[in-house]
Amino acid sequence: MKVKFIKSISRTPLFKVSSLNSISVLLKIGIGLITSKVIAIFIGPSGMALAGNLRNFMTSIESVATLGFQNGIVKYIVNNKDNEIELKKIISTVFLSLLTVSLVLSLGLATFSVYWSDVVFGINFEYSDIFLILALALPWYIVTILLLAIINGLGKFRNVIFSNIIGNLIGLLFSVIVVWHYKTFGALLAIIIPPALLFFVAFYYINKDLHFISTISFRLFDFQILKNLSSYSLMAFVSSVLGPLVFLSIRHSIIRNLGIESAGYWEAMNRISSYYLMFISSILTLYFFLGWLSLKQKKRQEVYFGVITKRFYQFLLLVCFLYIFLGTSL
């Protein structure tokens, strides 16, 4: 009986997705720790602080370039994946919009590269070339985000996870090579280039389900789709744009008052703490969010949300109990 129960659990989509996702997340955590160690060895805490500044800036730029549409794209793909014409309209509209925004941002980054270097790294560091490279990489990066959102919306969870695994491995290999040869400049390159290279992986996976290039058409551009997606922008801008800018401001304050090495140590601790809820948040985004969207009746969505909320609180109570038990034992 017990064996049958375990087998039945192991065959569920959630178990399969979460198991593969566990490997992906653990790999990402391991690669993140290795990359941080490589940066610490070759360029020290100061390099860690500068890399943190660029990482926060990239997060804000990503949110602006995607117009905060990521969750909205997934929702509309889920709801229209069986409607070929509407699906092509959504993909064409979003692709042309994001490509235009990313090209405009790239022009701004390239034209004012010295200014952005001063804003992100401070006047004591000159890394304007980094922003010229970012200007070239940004459109590829933004299209990659769109492709992964479409694959996610189509329900190809395994392809999304495999893409992330391959991207993490590319990032590790690239990071070790460039940090070894170019020190701090290499660490900054390692933040910019691997996400853009992931385009080729995502492009391969999306073409297994639909011919992406043939779906793009100027005639299918629909302003109503943009209007519908704009409801997702405000929430995304507040969390994804202002949040990283606050971290950037904190790091600048630490550099001014305590020095760049202290900012590097703060960044190292901040990176470690960012892994705590990575597994749970990725499961929620990858599986439960899509499951909720696929239920078109409001009552079913409410029941589904209630079940998930109940399970979450049960898990939270278990974590608190283990924390108290282990804490008192130690």
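Predicted, not measured: the structure shown is a model, and the values here were computed from it. (Residues numbered from 1 in each chain as written. Predicted model: local features only at pLDDT ≥ 70, side-chain atom pairs only at ≥ 80, totals over all residues. Heavy atoms only, no water.)

Colleague: Summarise the overall build of the protein; cite the residues concerned and give the values.
Modeller: For the protein, the count of helices and strands is 14 helices and zero strands. Taken from the N to the C terminus, the helices and strands of the protein come in the order α-α-α-α-α-α-α-α-α-α-α-α-α-α. When the 330 residues of the protein are sorted by exposure, 44% land in the buried category. Considering only residue pairs separated by 6 or more positions, the protein has 80% of its internal contacts joining residues 24 or more positions apart. Surface summary for the protein: the accessible area is close to 18,400 Å², and the carbon and sulfur share equals 70%. (Helix = DSSP H or I, 4+ residues; strand = E, 2+ residues; numbered from the N terminus. Buried < 20%, exposed > 50% of the residue type's maximum accessible area, 1.4 Å probe, protein only. Contact = heavy atoms within 4.5 Å. Areas by Shrake-Rupley, 256 points an atom, 1.4 Å probe, with all protein chains shown as cover.)

Colleague: For helix H7 (residues 128–153), give the residues involved together with the corresponding values.
Modeller: Over its 26 residues, H7 extends 37 Å from the first C-alpha to the last, a length consistent with the 38 Å expected when each residue adds 1.5 Å. The largest bend in H7 comes to about 40°, at Ala137, with the proline Pro139 one to four residues further on. Taken from the residues just after H7, Gly155 is the one with a positive phi, measuring 85°. (Expected span 1.5 Å × (residues − 1). Bend = angle between axes of the 7 residues up to and from the residue.)

Colleague: If you had to explain the environment of Ser240 to someone new, which residues and values would you point to?
Modeller: You can see Ser240 is positioned in helix H11 (residues 233–258). When its relative accessible area of 25% is taken as the criterion, Ser240 is described as partly exposed. Separated by 178 residues in the primary sequence, Ser240 and Glu62 place their C-alpha atoms 8.5 Å from one another. Other than its neighbours up to four places away in sequence, Ser240 contacts Thr59, Ser60 and Ser63.

Colleague: Give me the lowdown on the pattern of salt bridges, citing residues and values where you can.
Modeller: Enumeration according to the criterion identifies four salt bridges in this entry. In this structure, Arg55 and Glu267 form a salt bridge, with 3.5 Å as the shortest nitrogen-oxygen distance. You can see Arg55 sitting in helix H3 (residues 44–65) and its partner Glu267 sitting in helix H12 (residues 260–273), a full 212 residues away along the chain. You can call Glu267 buried: its relative accessible area is 3%. If you follow the salt bridges from partner to partner, you end up with Arg55, Arg251 and Glu267 in one network. (Salt bridge = Lys/Arg side-chain N within 4 Å of Asp/Glu carboxyl O.)

Colleague: Tell me what's going on with the side chain of Thr144, and back it up with residues and numbers.
Modeller: Positionally, Thr144 belongs in helix H7. Apart from the residues lying within four places of it in its own chain, the contact partners of Thr144 are Pro195, Ala196, Leu198, Phe199 and Ala202.

Colleague: Hey, could you go over a nonpolar patch on the surface for me, with residue numbers and the actual values?
Modeller: Residues Leu234, Val238, Leu242 and Leu245 make up a contiguous nonpolar surface patch of roughly 380 Å² in combined accessible area. Its place among the elements puts Leu234 in helix H11. With a relative accessible area of 64%, Leu234 lands in the exposed category. (Patch = residues over 30% accessible without salt bridge, like charges linked within 9 Å, V, L, I, M, F, W, Y side chains within 5 Å.)

Colleague: Describe the packing of H7 against helix H8 (residues 157–206), naming the residues involved and giving the relevant values.
Modeller: Two elements in contact, H7 and H8, have axes separated by 8 Å at closest approach and are oriented at 160°. In terms of orientation, H7 and H8 fall into the roughly antiparallel class. Both H7 and H8 take part in a crossing whose hand is left-handed. Tallied by class, the residues present in the contact of H7 with H8 amount to 27 nonpolar, five polar and one charged. (Axes fitted to C-alpha atoms, helices over the stretch in contact; angles between N-to-C directions. Parallel < 35°, antiparallel > 145°, perpendicular 65-115°, else oblique. Left-handed = near helix turned anticlockwise from the far one by under 90°. Nonpolar A, V, L, I, M, F, W, Y, C, P; charged D, E, K, R; others polar.)

Colleague: Before we move on, can you summarise helix H6 (residues 113–121) with the specific residues and values?
Modeller: Listed as buried for H6 are Ser113, Ser117, Val120 and Phe121. For H6, the arc enclosing every buried residue in end-on projection is 80°, short of the 170-degree limit, so these residues lie on one face. Phi for Gly122, located one or two positions after H6, is positive at around 95°. (Arc of directions from axis to C-beta.)

Colleague: Give a description of the packing of aromatic side chains that names residues and reports values.
Modeller: For the structure on display, the rule yields 13 aromatic pairs. Ring centres of Phe199 and Phe200 lie 5.3 Å apart, and the angle between their planes is 80°; on these two criteria the pair is classed as edge-to-face. Look at Phe199 and you get buried, because its relative accessible area is 13%. A ring pair is formed by Phe247 and Trp266, whose centres lie 6.0 Å apart and whose planes are at 45°; its orientation type is tilted. Of this pair, Phe247 sits in helix H11 while Trp266 sits in helix H12, and the two are 19 residues apart along the sequence. Assessed through its relative accessible area of 32%, Phe247 is described here as partly exposed. The rings of Phe57, Tyr115, Trp116, Phe121, Tyr127 and Phe131 are connected pair by pair, giving a single aromatic cluster. (Phe/Tyr/Trp six-rings, centres within 6.5 Å; stacked < 30°, edge-to-face > 60°.)

Colleague: I'd like to hear about unusual backbone geometry, residue by residue, with values.
Modeller: Positive phi outside glycine occurs at Leu67, with the angle close to 60°. Along the chain, Leu67 falls in the loop between H3 and helix H4 (70–80).

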